[in-house]
Amino acid sequence: MSAVDARAPAPTAGALAPYRVVDLSTARGWLTGRILADLGADVVKVEPPGGDPGRRLPPFADDEPGPERSLQWWFANRGKRSVCLDLDDADGVALARRLLAGADVVVESFDPGYLAERGLGYDELHALNPRLVVTSVTPFGQDGPYAGWAGPDLVLSAMGGPMWLTGEPDRPPVRISVPQYEMHGAAEGAVATAIALYHAAATGEGQHVDVSCQLAAIRTLMNATAFPYLEGVELSRQGREVAHGHARFRMLYACADGHVSVLLTAGALGGPIVKALLRWIGEEEGVPEHLSEVDWVAMDFAELATSEEGRAFFAEVSAVIDDFFARRTKAELYAEALARGFLLAPANTVADIRVDEQLAARGFFVEVDHPERPEPVVYPGPWARLSETPLAHGARAPRVGEHNRAVLVDELGLGPGELRSLHARGVV
Amino acid sequence: MTGTQVFDGLKVWDMSWVGVGPLTGRYLADYGATVVRLDSSQRPDVLRLTPPFRDGVPGINNSHFYADYNASKLGIGLDLDNALGREVAWRLVEWCDVLLESFTPKTMAAWGMSYAELRERNPTMVMLSTCMQGQTGPRRDYRGFGNLMAALSGFYEVCGYPDRDPVPVYGAYTDFVCQRFAATAVVAALDHRRRTGQGQHIDLSQYEAAIQLLGPQLLDYEVNGRVATRQGNRSELACPHGVYPTLPVRGHEGWIAIACETDEHWRALRRAMGDPPWARDPGLATFLGRKAAEDEVDAHVAAWTAGGDQLELLRTLQPAVPAGAVHDQTGLHEDAQVRQRGYFVTLEHTEMGPVPYDGLQARLSRTPGRLTKAAPCVGEDSYAVLSDLLGMDEDEIADLIAAEAVEITGG
């Protein structure tokens, strides 16, 4: 174990330890509160009686459905506490208001207007608690012509632009198969919440933070959005190649047990990579002289790659690499690239990531106790190491209403009789 | 300065380059911090050499890629191989509240600028170090960028069609995961610092941050032994769930995404299509029934969309049916919602002139951030940084110029 082992106990409280977050979010907004919980905030997840509908999302532990078995729930609600409140009931709303009166942040991701219809809109919350930061994570934002439109991952990948740029020319554009863009929006919600919280702590002034997942998806396009304005060109999907202005270069190769990524380009960035790779191939199996003697660093890639002759040349180099890689594994190629100092990455699966030696050396994966299971479950660990305020980890996601008594009675001052009566009426 | 920005008065020395570091600095700059970005024409940020370029002409001051990621910042052209240049870097270390860097650990160590050394001169600063695989461990000095990291972090494997090789996700994908975690960590550390006076060092491995977005899949592997892979546009939860052709858009192919996540969505799709006979098949009323006939359902839906105008279909389907225009870049700029949000912001760049820049993804009602300027040309702000921020006089600055320690243009 190294000095930065994530499994070492946290010596101090987290960076956001003084803050109370009330998390009303639906599944698309869960990650915001999870990140704030990692930073030490006390995050109280409010669920409807019977549990958050997102608990029905697969995959499930042992593939058996159940409200305490959703792995999406486990991942994105780790470190939170849970109380049940019925926001469709006046008493439930009244309790939510009591909770919010003492909170620093509320995170929500309902369709715009949902909370206002229940007397919990931004204006009411601001009147109740002027220092409250109200963070809303929705597909398109709180207002505008598409506010309230349905925006699951496939729609966000389309309307945010990633899909147009991804896939093979002979098939429709394609999304990343694992949903991404609600999580981008929710993570952006964490940034914006932290900024608003910093302001509220200094001034006592809360505000409404309105995050658009569509815009968060657009930001993932790197440099693409300005191409039509600067170069008069619309970038499009190119399969295993990547559009680079008018030129394209190949980024992906099959190998014996999967795929690896290497840039087949030239110039200051790509030249040294191709040079080192061809030197290796040359040492092992030989490379035609007219390829090995090319000055890859001095070569003007953009010019070459847009000519017929240049394309034929790169196709020839590609074929040499294809042949060489086909007889080697991801691990062999990665190890040799590391030893020779050129850039190559295996296209890892989650199984590869789980046994990655760098992650192991840093103690990345952490064990989380699940009392209902015989063994702790190994989770992906901290997304950053903060030297003085390490991220929290280790607490599993809460069971439905697990902290009703602690939060509503011990902290909010509800009498035990009141709690029983609310419970009997199904409000909690 | 308006006096209403969250980070008014906050001083940031941005020694980072390429993606995650500069994008983290841009959050701070857009919300009011004074951010000074390290710059050089001799060792330029690779983004200065990367398109898009104004009129497609490569040039160190002609890359919009760099100008976007360093908008709202000042720049200083500095030679860190020059002793006087390094001394200016150290002055900025003492000046700053936040230091950002994204080199491999051995690079900072070679300059004598490890966190331990920097802290001696500025014990309360918040420092972000973000390299590919973290500050420790056998691969701490792995060089790379977000495209390769997207492969390493598992995103390529889950992108593409099941019967073919994966396809690369566009761009340095992991950068745009990591910028969010990095910025959150820095702002939280600043909050802690204001309460306690304590600075700290943040080690953000881009590998460890990126794979958070495969969290449920990592657990699925751990608990169920399932290895996530690519499945085109299909979903285990929704049907139909795909991308279908429309009439051409602006002279090229048009596509619309449709995701029926519930039977109610399916019924709304039927109504939108005019309830054709094939769709009335009672077997298709349930998710499992549609999933069993997915190829046929997709073919029928595609036949219906193929004769339609993309935006008309979109307005017909939403909000009852989750649907999205598959936007190209011009489509994004013309999208009614994106325009209403004012996402793209036109800024005047000294050499490139007025061009749209990516703006802010969140709207803060009382302290909205804003882009104040495009990134400078190399050396354009150097004099202002040395004079106004570090308080150097004319003689000191002249000595730096004579020693070729700084690059100053204009002024």
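Preceding this paragraph is the structure being described.
Attention here is on the structure that accompanies the text. This structure is a prediction, so every number in the text was calculated from the model and none was measured. Think of each chain on its own: its residues are numbered from 1, step by step along the sequence as written. Note on labels: chains are lettered from A, ligands numbered from 1, in written order. A pLDDT threshold of at least 70 governs which residues receive local features in this predicted model, and a stricter bar of 80 or more applies before side-chain atom pairs are shown or counted, although totals over entire chains, interfaces and linings include all residues.

1. Re the overall build of chain B
Per the convention used, a helix needs a DSSP run of H or I reaching at least four residues, while a strand needs a run of E reaching at least two, with both numbered from the N terminus. Along chain B, the regular secondary structure elements total 17 helices and 13 strands. In terms of its C-alpha atoms, chain B occupies a principal-axis envelope of roughly 85 × 50 × 40 Å. Residues are called buried when their C-beta atom has 20 or more other C-beta atoms within 10 Å, exposed when it has 12 or fewer, and partly exposed otherwise; all C-beta atoms are positioned from the backbone. Classification of the 411 residues of chain B by burial places 58% in the buried group. Any pair of residues counts as being in contact when their C-beta atoms, constructed from backbone geometry, are within 7 Å of one another. Sequence separation of at least 24 residues holds for 67% of the intrachain contacts in chain B that already meet a minimum separation of 6.

2. Examining the environment of Trp280 of chain A
Residue and element names in this part refer to chain A. By the secondary structure assignment, Trp280 is in helix 9 (residues 267–285). Separated by 26 residues in sequence, Trp280 and Ala254 have C-alpha atoms that sit 18 Å apart. Contact partners of Trp280, with chain neighbours within four places excluded, come to Glu336 and Arg340.

3. Focus: the sheet that holds strand 4 (residues 98–101) of chain B
DSSP calls a pair of strands paired once it identifies at least 2 bridges connecting them. Strand order in the open sheet made by the eight strands is 13(A)-6(B)-5(B)-4(B)-1(B)-2(B)-3(B)-13(B), with mixed pairing throughout. The sheet is open, and its two borders are formed by strand 13 (385–386) of chain A together with strand 13 (406–407) of chain B, each paired with just one other strand. Taken together, the three bridges between strand 1 (residues 11–14) of chain B and strand 4 of chain B define a ladder with parallel strand orientation. Paired with Asp14 of chain B across the bridge in strand 4 of chain B is Leu100 of chain B. Where helix 3 (residues 83–95) of chain B meets the sheet, its contacts fall on strand 1, strand 2 (34–39), strand 3 (74–78), strand 4 and strand 13 of chain B, and the angle it forms with strand 1 of chain B comes to roughly 145°. Set on the sheet, helix 7 (residues 173–196) of chain B makes contact with strand 13 of chain A together with strand 4, strand 5 (126–129) and strand 6 (200–203) of chain B; between it and strand 5 of chain B the angle comes to about 160°. Only C-alpha atoms enter the line fits that serve as axes; for helices the fit covers just the stretch in contact. Angles between N-to-C directions range over 0 to 180 degrees.

4. A word on the interface of chain A and chain B
Every contact between the two is made by 125 residues of chain A and, on the other side, 120 residues of chain B. Top contributing element to the side of chain A that touches chain B by residue count: helix 6 (residues 181–203) of chain A, with 13 residues. Charged residues are taken to be Asp, Glu, Lys and Arg, nonpolar residues to be Ala, Val, Leu, Ile, Met, Phe, Trp, Tyr, Cys and Pro, and polar residues to be all remaining types, Gly included. When its residues are assigned to classes, the side of chain A that touches chain B shows 78 nonpolar, 30 polar and 17 charged. Relative to strand 12 (residues 362–364) of chain B, strand 6 (residues 207–212) of chain A runs antiparallel, the two being bridged by three bridges.

5. With respect to the pairing of strand 5 of chain B
In summary, the side chains of a regular strand alternate between the two faces of the sheet. All names here are of chain B. Because side chains alternate across strand 5, one face comprises the buried residues Val126 and Leu128, and the other comprises Met127 and Ser129, equally buried. Here four bridges tie strand 4 to strand 5, and the two strands are oriented parallel to one another. Each residue of the ladder has a partner; that of Leu99, found in strand 5, is Met127.

6. Considerations on the nonpolar core
Take the buried Ala, Val, Leu, Ile, Met, Phe, Trp, Tyr and Cys residues, join any whose C-beta atoms are within 7 Å, and the set you get is a nonpolar core. Core analysis: the largest hydrophobic core is formed by 259 residues, its most contacted members being Val186 and Ala257 of chain B. Dropping the residues within four chain positions of it, Ala257 of chain B is found in contact with Leu154, Val155, Ala158 and Met163 of chain A together with Val243, Ala323, Gly324 and Val326 of chain B.

7. Overview of unusual backbone geometry
Residue and element names in this part refer to chain B. With omega at 10°, the peptide bond leading from Pro51 into Pro52 counts as cis. Summarising the element assignment, Pro52 is placed in the loop between strand 2 and helix 2 (64–69). Of note, the amide linkage connecting Cys239 to Pro240 takes the cis form, showing an omega dihedral of -5°. Examined against the element boundaries, Pro240 turns out to sit in the loop between helix 9 (215–224) and strand 7 (241–249). One non-glycine residue, Ser72, lies in the positive phi region at around 65°. Structurally, Ser72 can be placed in the loop between helix 2 and strand 3.

None of this, on its own, says anything about what the molecule does.
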